[in-house]
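The primary structure of each chain is shown beneath.
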Amino acid sequence: MSTATYPEPQPHKDIEEIFPDVFIVRGSMSIHKWVCISRVMTILRHEDQLLLINPIRLNTEGEAQLLELGKITHVFRLGYFHGVDDAYYVEQFKAKFWCQSSSNKYPNPSPDVLMDESTPMPFPDMSLFVFENAKHPEAAILYQHHGGLLITCDSVQHYDNWDGCSIFAKIIMKLAGFRKSTLIGPMWLKGMTPEDGSLEEDFDRLLHLEFKHLISAHGDVCREKAHYNLEDAFDRIYSG
Ligand SMILES: [Fe+2]
């Protein structure tokens, strides 16, 4: 193993199996002394290979649990604003790193694969969706199992509760427009919408995909109602 230093693991729960070969870890991320927000890593398994999406470094027990699931072979960065733990997995486990061109807010690691919607994916039955009009690179994955599972970073999020968020984070999030529902990330939308532009066309195209469930990099898993809920979230923003 390399002796490079990486950010230490932050508090998280045990790995949960959401669907067969689809796992998550619910974690947290301290972004200020008083502000801690929820974070979620998704793990897809195909045969003995693991694909980590929105990676979170785990504690010793969590990492042992992860390695019992399979071999970490691929790491995906879906969101421009994420990437703090990507280098740890890529360098320590010799995993292949996938991201979009210019998704370099965190410049390490260097990409092995620069992906777009035409890039063959590492596992069967998955495809990449790209927000073409966003100011910075952002993507989502459609995993065509279990009725369709959409995996996002910040673009679409779902909250049943505020677990993993500090009191100050809850106050800030509520003021910013977060609520207990499926939503288009309010701060992300502000940061990603070009001046005099709109992401309406991107979300319209996203809603043409078939999915029932959602896992994002924050919040909770939305089962069954993700598409229906996102239609509502879309209308709240673009049909007002
Ligand atoms: Fe985020």
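Our structure is the block above this text.
*Asks:* How should the coordination of the iron ion be read in this particular structure?
*Replies:* Every protein donor of the iron ion is listed here as H82 (NE2), D154 (OD) and H218 (NE2), and their distances to the metal cover 1.9 to 2.1 Å. With relative accessibility at 7%, the residue D154 sits in the buried group.

*Asks:* It is not clear to me how the nonpolar core should be interpreted in this structure. Could you clarify?
*Replies:* Soluble, globular proteins show a tendency: their nonpolar side chains are buried together. Counting residues in each nonpolar core, the largest one holds 27 residues, and the members touching the most others are L44, F76, L78, M126 and L128. Contributing elements (two or more residues each) for this core: β1 (16-19), β2 (22-32), β3 (35-46), β4 (49-53), β8 (126-130), β9 (139-143) and β10 (149-151). Dropping the residues within four chain positions of it, M126 is found in contact with L44, L51, F76, M121, I141, L142, Y143 and Q144. By size, the runner-up hydrophobic cluster in this structure holds 24 residues, among which are A140, L206, A226 and F234.

*Asks:* What is the right way to read the pattern of salt bridges from this model?
*Replies:* In a structure, side chains of opposite charge can pair up when their charged atoms sit close to one another. Inspection of the entire model under this criterion finds eight salt bridges. As a salt-bridge pair, D163 and K13 come within 3.9 Å of each other at their nearest N and O atoms. Here D163, found in the loop between β11 (156-158) and α3 (167-176), pairs with K13, found in the segment before β1; they are 150 residues apart in sequence, far enough to count as distant. Under the relative-accessibility criterion, K13 is labelled partly exposed at 44%.

Cut-offs and rules
- Residues numbered from 1 in each chain as written.
- Predicted model: local features only at pLDDT ≥ 70, side-chain atom pairs only at ≥ 80, totals over all residues.
- Heavy atoms only, no water.
- Donors = N, O, S within 2.8 Å, 3.2 Å for Na, K, Ca; no water.
- Buried < 20%, exposed > 50% of the residue type's maximum accessible area, 1.4 Å probe, protein only.
- Core = buried A, V, L, I, M, F, W, Y, C linked by side-chain atoms within 4.5 Å.
- Helix = DSSP H or I, 4+ residues; strand = E, 2+ residues; numbered from the N terminus.
- Contact = heavy atoms within 4.5 Å.
- Salt bridge = Lys/Arg side-chain N within 4 Å of Asp/Glu carboxyl O.

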